[in-house]
Amino acid sequence: MKHLFYKIGIILVSIGVTKSVYAQHMELDMLSGWEFSNAKENTWHPATIPGSVHTDLLQNNLIPDPFFGTNEQEVQWVETQDWVYRKSFFVNNKFLSQSFCTLEFEGLDTYADVYVNDSLVLQAENMFRNYAIDVKSFLHTGLNEVRIYFHSASNRAKTLQADYPIQLPTDERVFARKAQYQFGWDWGPRLVTCGIWKTVRLSGDNHMRVKSAHFTYVDPMETDTADIQIAMAFQAEHRMRYEISVVEINSGAICFTQSYNYAFPTIENIRFQYKIPERWMPAGYGNQPIYRFKLLIKHNKQVYYEKIFSTGFSQIKLNREKDATGESFYFTACQQKVFVKGANLIPLHSFPGTLTDADYRKLLLEAKNMHINMIRVWGGGIYENDILYDLCDSLGIMVWQDFMYACAMYPPNIKAELEYSDQIQRLMLHPSIALWCGNNEIDEAWNNWGWQNQFKWDTETAQTIERVNRELFYQNIPEVLNNDPGSVGSPNYHPSSPKHGWGRKESLTEGDAHYWGVWWGKQPFSVYNTKVPRFMSEYGFQGMPAYTSFKKFIPDDQLFLGSPALKQHQKHPTGFETIETYMERDYLIPTDLQDYIYISQLLQADGMHTAIEAHRRNMPYCMGTMFWQLNDCWPVTSWSVIDYYGNRKAAYYTVKNTYADVIISLWQQENQLSVYIVNDQAQPIHGMLYYTLMRMDGTVINTGSTGLDVEAFTSFPYTTLDLNWFLTGLQANEVVLAISITDGNGRILATRNHIFSSPGKLALQQPEFTVTVDDSAATITISANTFAKGVYINTASSELKLSDNYFDLLPNTPKQISLQEIPEGGIPSVDAIRVKSLYSILNPN
């Protein structure tokens, strides 16, 4: 497929992880030639590394596709078994003559015993750790074998759970340092897998080895000069004289050079100053320069070690200041306040080892297209792959990084300082990292979810559980974060998100908030207008995947509402019941599956639109909105705006339009309508505002224009209309208000259509659509003879990726839409294009 909207200057660099293969360094292929077997058997099958046992079983036709139909239930036996992986490889004399031979695993999932030629060299117990083992003494010339015995994570965790003297609120998942979502979530399946989920390396180094090299810096804003330190841990076989130098690759300038004598294990810190040409800024606030530094260690002019560190010098700060209302929560970049337009990201796949760089690039470019400037890597998933952070660095998307704890109370033996250190050192140089957060919803859960009454702990037991978790998130993690050699400056840290539960009044006056009164509380979308916090880090509503997506994972004979397969792919216990509560309130409940999907997506879009506008127009009181959720890990009805297959839901387009730099925000209350102009640009607006009140057929009732001046980075309350006057003699369900604003050159900056009743009560007329296609420009132009609500364009075989979709169309006003990706069959013809609107649902006959 050809991507047309990806006209973005993206330069990807791998931050702090590039290592050259130089004269004194050798590597053997450790990714191909693996086999696996059930530990109870001795039947070997080809395995793919990186990967997982589920995907290997699927590739060998040993299990059905867990994502299809009700097959998830059929593969639950996999998690109860132990599995063995092995690889044979040849070692020659040249490799074995190297002074040091290191076997490195970037990710083993989870309980793994590693053998080299039948010698146990590692017992891993943490999916998020990097492991490097000196294996020279275990290798021999000729054929060698690495064998990894993976113990069942669920069995091991259940044993630890049974041995623990306190009953904790959740299942066995809290006893395993493993991706928590794989044990099942209200949007994800239970697929507790195992395997080699990241890269494996076997390398040899001659005479010396650098076991670690950490690049850190302190960047005082007032000087534009960074104090850089590289901390190195050496191991040398005998005393030698080395020259260490650092070169800034962009300019070729030598930043540091000095000679040393080293022998045996030693640690060396080198320091130098670097004049920063330009700082990294989030998208919309500046550029995203990346600077690359090459560390070289030479002996007799031969390169013994080389590593490239890449970083951008960002000055992102989380500000929490007491004020008259409570306590603020906002980010600044180089002292410039940033309104966060964000999204929560879950793992892209139930089996993350299968993901490619292209998968991440596709999703992050979609985020960029939606004007997202921050993503939150949620704490029940994984510390994401390097490519995600590289993309965020290049695209100007900030990252809120959770540590991997979520929605539970954890036992004391789960502290994993080495895990934190591994991940801090891997990620800290990324300029996009804006915040480290201890966990997802653990403080809220302890204080609001009623566990104390449910489990009837005595006072001492409850205090023990609370103390263990407070030590973990308020002491242990921040100590590692601030003291680790990989830390840069003083990292922003937030112990638990949110600060307060959504049922407490403090959640709206201090810290960040997760507001789930909508959905969990079944409150109407209009409550978003008044439940506005200082920073909204979670909220959302479910929308179903596209019908074309359902056809990929639901058998044809179960493509109907209430089918077992459809229910299997709805993980919330009251999901469809909740959706229908809102359908009945604002639309109607269709009986046809395709119509039901369509209305569910319009509902989700309505909720997102109301929430985002409320957050943005309340700037600077509220300085961030991060919806739940961006993506899916499998095909499912969920809160995502992009389904598992990459199809955009209606809410995708709503977010894209409502996250634009300039929006018109309307808030209707009883008999008044408040009009706000939100300007998130660096320059003020000096232009015009135009409005037209019309009937559904386009008959103009009232129209006018006026001058408009709005300062940069502000929300401007333009006016409040008295609807008793404005709609005198009119029925609210028979009219629509169209507003647009232009700049001084007449360029349209924003448009907004507003209806005065719920969508389901609109007196819509049957639209007659006219559609044309311009193949050369890859555009579709559509018009209608009457107001059309929720216009949805697709083809029978595919969801189209358009510049806009699910939009309202004003009567006799053509709208041109660009194809942002050409489907496999090419640009669709006029005959192939299908158009649907709300009229056909409200008037089925």
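Each chain has its residues counted from 1, running along the sequence as written. Residue-level local features of this predicted model are given only where pLDDT is at least 70; pairs of side-chain atoms are given and counted only at 80 or more, and the full residue set underlies all totals for whole chains, interfaces and linings. By convention in this description, side-chain values take in all heavy atoms of the structure and omit both hydrogens and water.

Enquirer: Describe the overall build of the chain, naming the residues involved and giving the relevant values.
Expert: When you go through the chain residue by residue, the secondary structure sums to 17 helices and 47 strands. At 29 Å, the chain has a C-alpha radius of gyration in line with the 28 Å of a compact globule built from 845 residues. Summarising its shape, the C-alpha atoms of the chain cover approximately 95 × 65 × 65 Å along the three principal directions. Residue exposure (1.4 Å probe, protein chains only): buried if accessible area is under 20% of the type maximum, exposed if over 50%, otherwise partly exposed. Residue burial in the chain is summarised as follows: out of 845 residues, 61% are buried. Here a residue-residue contact requires only that any non-hydrogen atoms of the pair lie within 4.5 Å. Pairs at least 24 apart in sequence give 71% of the contacts found in the chain among residues at least 6 apart. Per element, the accessible surface of the chain, about 32,200 Å² overall, is 46% carbon and sulfur. Comment: elements are numbered from the N terminus, with helices defined as DSSP H or I runs of at least four residues and strands as E runs of at least two. Atoms counted for the radius of gyration: C-alpha only. Globule rule: 2.2 Å times the number of residues to the power 0.38. Under the convention used here, a 1.4 Å probe and the Shrake-Rupley method define accessible areas, while residue burial counts only the protein chains that appear.

Enquirer: Run through the pairing of strand β33 (residues 624-627), naming residues and quoting values.
Expert: The two faces of β33 match: G624 and M626 on one face and T625 and F627 on the other face are all buried. For two strands to be treated as a pair, DSSP must find at least two bridges joining them. By the bridge criterion, four bridges tie strand β26 (residues 340-345) to β33 in an arrangement that is parallel. Bridge pairing links K341 to T625 in β33.

Enquirer: Explain the sheet that holds strand β45 (residues 807-809) to me, using residue names and the numbers behind them.
Expert: Within a sheet, each strand pairs with its neighbour through backbone hydrogen bonds, oriented either parallel or antiparallel. Pairing in this open sheet of three strands is antiparallel, and the strands run β45-β43-β47 from one edge to the other. Each having just a single partner strand, β45 and β47 (833-836) make up the two edges of the open sheet. Mean inter-strand twist for the sheet, computed between neighbouring axes without regard to direction, equals 45°. Pairing between strand β43 (residues 788-795) and β47: four bridges, direction antiparallel. Residue pairing across strands places I793 opposite V835, the latter belonging to β47. In the packing of helix α14 (residues 593-617) onto the sheet, contacts are made with β43 and β47, and the angle to β43 comes to roughly 120°. Helix axes use the C-alpha atoms of the stretch in contact, all axes being lines fitted to C-alpha atoms, and the angles between their N-to-C directions lie in the range 0 to 180 degrees.

Enquirer: Requested: an account of helix α5 (residues 357-369), with residues and values cited.
Expert: The length a helix should cover is 1.5 Å for every residue beyond the first. Compared with the 18 Å implied by 1.5 Å per residue over 13 residues, the 18 Å span of α5 between its first and last C-alpha is a close match. Along α5, the residues that are buried comprise Y360, L363, L364, L365, E366, A367 and N369. On its buried face, α5 is in contact with β26, β27 (374-377), α6 (386-395), α15 (650-658), β44 (801-802) and β46 (815-822). Just beyond α5, the residue with positive phi is H371, at close to 70°.

Enquirer: Provide a residue-level description of the nonpolar core, including the pertinent values.
Expert: Generally speaking, soluble globular proteins have nonpolar side chains that are buried together. One finds L103, L108, F627 and L630 to be the most contacted residues of the largest nonpolar core, which totals 194 residues. In terms of residue count, α14 provides more of this core than any other element does, eleven residues in total. By size, the runner-up hydrophobic cluster in this structure holds 30 residues, among which are F215, Y217, Y304 and Y305. Residues grouped as a nonpolar core are buried Ala, Val, Leu, Ile, Met, Phe, Trp, Tyr and Cys residues, joined through side-chain atoms within 4.5 Å.

Enquirer: How would you sum up α15? Please name residues and give values.
Expert: When you tally the buried positions in α15, you get eight out of nine residues, the bulk of the element. Buried within α15 are the following residues: A650, A651, Y652, Y653, T654, V655, K656 and T658.

Enquirer: Which residues make up unusual backbone geometry, and what values go with them?
Expert: Glycine aside, negative phi is the norm for most residues, and most peptide bonds take the trans geometry. The linkage connecting I49 with the following residue, P50, adopts the cis geometry, with an omega of -5°. With respect to the element layout, P50 can be found in the loop between β4 (45-46) and α1 (53-59). A cis amide bond links M619 with the next residue in sequence, P620, at an omega value of 10°. The phi dihedral of D224 is positive, around 60°, even though this residue is not glycine. Take D224: it is sitting in the loop between β16 (208-218) and β17 (225-236). Positioned with a positive phi, E670 is a non-glycine residue whose angle comes to about 45°.

Enquirer: Outline the sheet that holds strand β9 (residues 119-125), supporting the account with residue identities and numerical values.
Expert: As summarised here, the arrangement of the six strands in space is β4-β3-β5-β11-β8-β9, forming an open sheet in which the pairing is antiparallel. One side of each edge strand has no neighbouring strand; the edge strands of this open sheet are β4 and β9. Both strand β5 (residues 83-91) and strand β11 (residues 142-150) contribute to a ladder of nine bridges, which runs antiparallel. Of the residues in β11, the one forming a bridge with S88 is E145.

Enquirer: Tell me about the pattern of salt bridges, and please be specific about residues and values.
Expert: We define a salt bridge as a side-chain nitrogen of Lys or Arg found within 4 Å of a carboxyl oxygen belonging to Asp or Glu. Applying the stated criterion across every chain, the model contains 33 salt bridges. The partner of E821 in a salt bridge is K801, with the nearest N and O atoms 3.9 Å apart. Residue E821 is found in strand β46, and its partner K801 is found in strand β44; the two are separated by 20 residues along the sequence. As far as the burial class goes, E821 and K801 line up, both buried. A network of salt bridges, in which partner residues are shared, links K322, E327, K499 and E510.

Enquirer: Can you break down the side chain of H349 residue by residue, with the values?
Expert: Along the polypeptide, H349 turns up in the loop between β26 and α5. N or O atoms closer than or at 3.5 Å make up a polar contact, with two conditions inside protein: a donor-capable atom paired with an acceptor-capable one, and, for residues adjacent in sequence, both atoms drawn from side chains. At 3.2 Å, the side chain of H349 and the side chain of Y644 are in polar contact. Ignoring sequence-local partners within four residues, the contact set of H349 consists of F67, Y181, T354, L355, C633 and Y644.

Remember, this is a structural readout, not a statement about activity or role.
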